[in-house]
Amino acid sequence: MGLIQRDVSLKRYNSFGIEHKASFFSMIENPSELPKIIQQNKTNGVIILGGGSNILLTNDLEDKLVIYMANKGIEIVAKNKKNVELEVQGGEKWHDLVLWSLERNFGGLENLALIPGQVGAAPIQNIGAYGVELKRVFLSCKAYDLKNHRIVKFDKEDCRFEYRNSIFKAEKKNRFVILSVRLILNLLPYHQIECSYGSIKSELNNQDPTIHSVAKAVIAIRSRKLPDPEKIGNAGSFFKNPVVPEQKFLELSSKYPKIPFYDDPRGIKIPAAWLIEKAGLKGYKKQDAGVHRNQALVLVNYGNASGREILELAQKIKQKIHDLFGISLKEEVQVL
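Residues numbered from 1 in each chain as written. Predicted model: local features only at pLDDT ≥ 70, side-chain atom pairs only at ≥ 80, totals over all residues. Heavy atoms only, no water.

Caption draft 1: Just the overall build of the protein chain, in detail. Scanning the protein chain for helices and strands turns up nine helices and 21 strands. Computed over C-alpha atoms, the radius of gyration of the protein chain comes to 20 Å, within 12% of the 20 Å expected from 2.2 N^0.38 for 336 residues, which places it in the range of a compact globule. Seen through its principal axes, the protein chain has C-alpha atoms that stretch 60 × 55 × 35 Å. For the protein chain, the proportion of its 336 residues judged to be buried stands at 51%. Considering only contacts within the protein chain whose residues lie at least 6 apart along the sequence, 61% involve residues at least 24 apart. Accessible area for the protein chain stands at about 16,500 Å²; split by element, carbon and sulfur atoms hold 46% of it. The protein chain carries 49 positive and 37 negative side-chain charges, and their two centres are separated by 2 Å. (Helix = DSSP H or I, 4+ residues; strand = E, 2+ residues; numbered from the N terminus. Rg over C-alpha atoms; globule rule 2.2 N^0.38 Å. Buried < 20%, exposed > 50% of the residue type's maximum accessible area, 1.4 Å probe, protein only. Contact = heavy atoms within 4.5 Å. Areas by Shrake-Rupley, 256 points an atom, 1.4 Å probe, with all protein chains shown as cover. Lys, Arg positive; Asp, Glu negative; His and termini not counted. Charge placed at Lys NZ, Arg CZ, Asp CG, Glu CD.)

Caption draft 2: Representation of the state of the cysteines in the model. Evaluation of the coordinates by the stated rule reveals zero disulfides. Unpaired in terms of disulfides, C141 finds its nearest cysteine sulfur in C159, a separation of 4.5 Å. (Disulfide = S-S within 2.5 Å.)

Caption draft 3: Layout of the side chain of H292. Following the sequence through the fold, H292 ends up in the loop between β19 (289-291) and β20 (298-301). One polar contact links the side chain of H292 to the main-chain amide nitrogen of N294, over a distance of 3.1 Å. Setting aside its immediate chain neighbours within four residues, H292 contacts K225, P227, K282, G283, V298, V300 and Y302. (Polar contact = N/O pair within 3.5 Å; in protein donor to acceptor, adjacent residues only side chain to side chain.)

Caption draft 4: Examining the pattern of salt bridges more closely. According to the stated counting rule, one finds 13 salt bridges in the structure shown. A salt bridge links E133 to R164, with the shortest nitrogen-to-oxygen separation between them at 3.7 Å. Taken as a pair, E133 in strand β10 (residues 132-133) and R164 in the loop between α4 (156-159) and β13 (176-187) lie far apart in primary sequence, 31 residues in all. R164 shares its class with E133; the two are buried. Residue K318 is joined to E331 by a salt bridge in which the shortest nitrogen-to-oxygen separation is 3.0 Å. Here E331 lies in the loop between α9 (307-325) and β21 (334-335) and K318 lies in helix α9, a separation of 13 residues in the sequence. Judged by its relative accessible area of 24%, K318 falls in the partly exposed class. Using a relative accessible area of 25% as the deciding quantity, one classes E331 as partly exposed. (Salt bridge = Lys/Arg side-chain N within 4 Å of Asp/Glu carboxyl O.)

Caption draft 5: Highlighting helix α7 (residues 246-255). When α7 is considered as a whole, its buried residues turn out to be F249, L252 and S253. Viewed along the axis of α7, the buried residues span an arc of 100 degrees, placing them on a single side of the element. Exposed and facing more than 90 degrees away from the buried side of α7 are Q247, S254 and K255. Of the surrounding secondary structure, the elements contacted by the buried residues of α7 are β15 (243-244), β17 (267-269) and α9. (Arc of directions from axis to C-beta.)

By themselves, these figures tell us nothing about what the structure is for.
In structure tokens form, the structure reads like this:
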């Protein structure tokens, strides 16, 4: 399409379903259209939207050009007896890619089933779930440099992946548009399945783990715990799980002996959902902004909540967690 439209509602382009407008908007189906659109841009900045599943809009995006990437395509670029390399366009839906890989018996993405959003957003967030992060299967990505107007390739090391973080979310924030991602997946039987998370073990119920049974288990767990954005506006996990020093954890565990935790290279990871629930905020609701009754990590829009009301709720949660536990929660969602 590649046309610049004016005063476009973003309600259908953010999973919270919040009504705000973009002064200027363009849907890009062919990445070759991007340079021309950028050069035509006379606004005070560019904002890239994928599936809108990791943003919270709190204002109209005035004097900004909002670009929605809609480029599609999955291509097998290399294959041997043990693995396969894929080139995936940034506008593909992530879960569609997972299903595509499962249909072909390619292992590596099964734990990441049902994560909302698009492939182009995956490296920004270093998406992860149930013991697997994107960086495990990531090889490289191609991105358009909004400053120098050229396409740049980023290898895994260049991306500086961390827990729910990357160079695209830190020092290079808002500078690059990720056009495509190259992944390496495993052919069976050369794939090592990750099913050590307790909830997956319980869901499998002693059946032999396969990429298909693990994906089915993950989909079942996520479907029970997480609300469907088509029915209740949300952006999935709103906060990152905090990592604390071992001494801090020992202090907390002496007071809360049943506190759940996971070992992490940086210290001890504590589920943010447990902290929020322990603080008595699971299911909390103020007007149409609330904490989901089944998953305390998910903030929801029950109908007509504004972005600012969701943000005020998030700030209330952060303050209470800090007061009770001495832990500072950080948003996983980008606030605009």
